[in-house]
Amino acid sequence: MAKSLYGGGREVKAHTLVAGQTIRDNRMRGRVMIVEETGNQIYVRGYEQVDSKFHRFLDPDETVILVTQANTETTKDGVA
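On a predicted model such as this, the values are computed, not experimentally measured, just so you know.

### Quick notes on the packing of aromatic side chains
The geometry of an aromatic ring pair is captured by the separation of the ring centres together with the interplanar angle, meaning the angle of the planes. Enumeration over the complete set of coordinates arrives at one aromatic pair. Taking the centre distance of 5.3 Å and the plane angle of 45° together, the rings of Tyr43 and Phe57 count as tilted. In this pair, Tyr43 sits in strand β4 (residues 42–46) while Phe57 sits in strand β5 (residues 55–58), placing the two residues 14 residues apart along the sequence. The residue whose ring lies beneath Arg31 is Phe54, and the NZ or CZ to ring-centre distance is 3.8 Å.

### Digging into the pairing of strand β3 (residues 32–37)
Two elements, strand β2 (residues 22–24) and β3, share three bridges in a ladder whose sense is antiparallel. Its bridge partner lying in β3, Ile23 is registered against Met33. Relative to β4, β3 runs antiparallel, the two being bridged by four bridges. Along β4, the bridge assignment pairs Val35 with Val44. From the end of β3 to the start of β4, which pair antiparallel, there are four residues, and Gly39 there has a positive phi angle of about 150°.

### Some remarks on the nonpolar core
Ranked by size, the top nonpolar core spans 11 residues in total: Val12, Ala14, Leu17, Ile23, Met33, Val35, Ile42, Val44, Leu58, Val64 and Leu66. Taken together, the elements giving at least two residues each to this core come down to β3, β4 and β6 (63–67). Here Leu66 is in contact with Gly9, Arg10, Val12, Leu17, Gln21, Thr22 and Ile23, once residues within four sequence places are set aside. Among the nonpolar cores identified, the runner-up in size contains five residues, and Val32, Ile34, Val67 and Ala70 belong to it.

### Observations regarding the sheet that holds β6
Sheet strands pair by backbone hydrogen bonding; their relative direction is either parallel or antiparallel. In spatial order, the strands read β1-β6-β2-β3-β4-β5; together these six strands make up an open sheet with antiparallel pairing. Every interior strand has two partners, whereas the edge strands, β1 (10–13) and β5, have only one. The average angle at which neighbouring strand axes cross in this sheet is 45°, direction not considered.

Rules behind the numbers
- Residues numbered from 1 in each chain as written.
- Predicted model: local features only at pLDDT ≥ 70, side-chain atom pairs only at ≥ 80, totals over all residues.
- Heavy atoms only, no water.
- Phe/Tyr/Trp six-rings, centres within 6.5 Å; stacked < 30°, edge-to-face > 60°.
- Helix = DSSP H or I, 4+ residues; strand = E, 2+ residues; numbered from the N terminus.
- Lys NZ or Arg CZ within 6 Å of the ring centre and 35° of its normal.
- Pairing = 2+ DSSP bridges.
- Core = buried A, V, L, I, M, F, W, Y, C linked by side-chain atoms within 4.5 Å.
- Buried < 20%, exposed > 50% of the residue type's maximum accessible area, 1.4 Å probe, protein only.
- Contact = heavy atoms within 4.5 Å.
- Axes fitted to C-alpha atoms, helices over the stretch in contact; angles between N-to-C directions.

Shown next, in the form of C-alpha cells:
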C-alpha cells in the first residue's frame, strides 16, 4: 500500500509550516496530512485520496513530523 512508502521526517513546530507542506498525523502515524491554511490555528487534511475526509486544526506550538516527497499515485493531488 502506498502509505508504507513514507519514511523519515523531522520534528518541527506547527507555526513554522507553510501551505502545501506535508506532515504525519500525530494521532495516526501512518496517515500523511497536507497543510491547507496557516494562522492562529493550522488546518490540515488527509493527503491520500482515501484520507481526504480527515482533517485537524493544529495548535501553533504543537510539534509535528514534517514529511518531504510524500506524493504518490494515490495522493489527493494525483501527482507521483
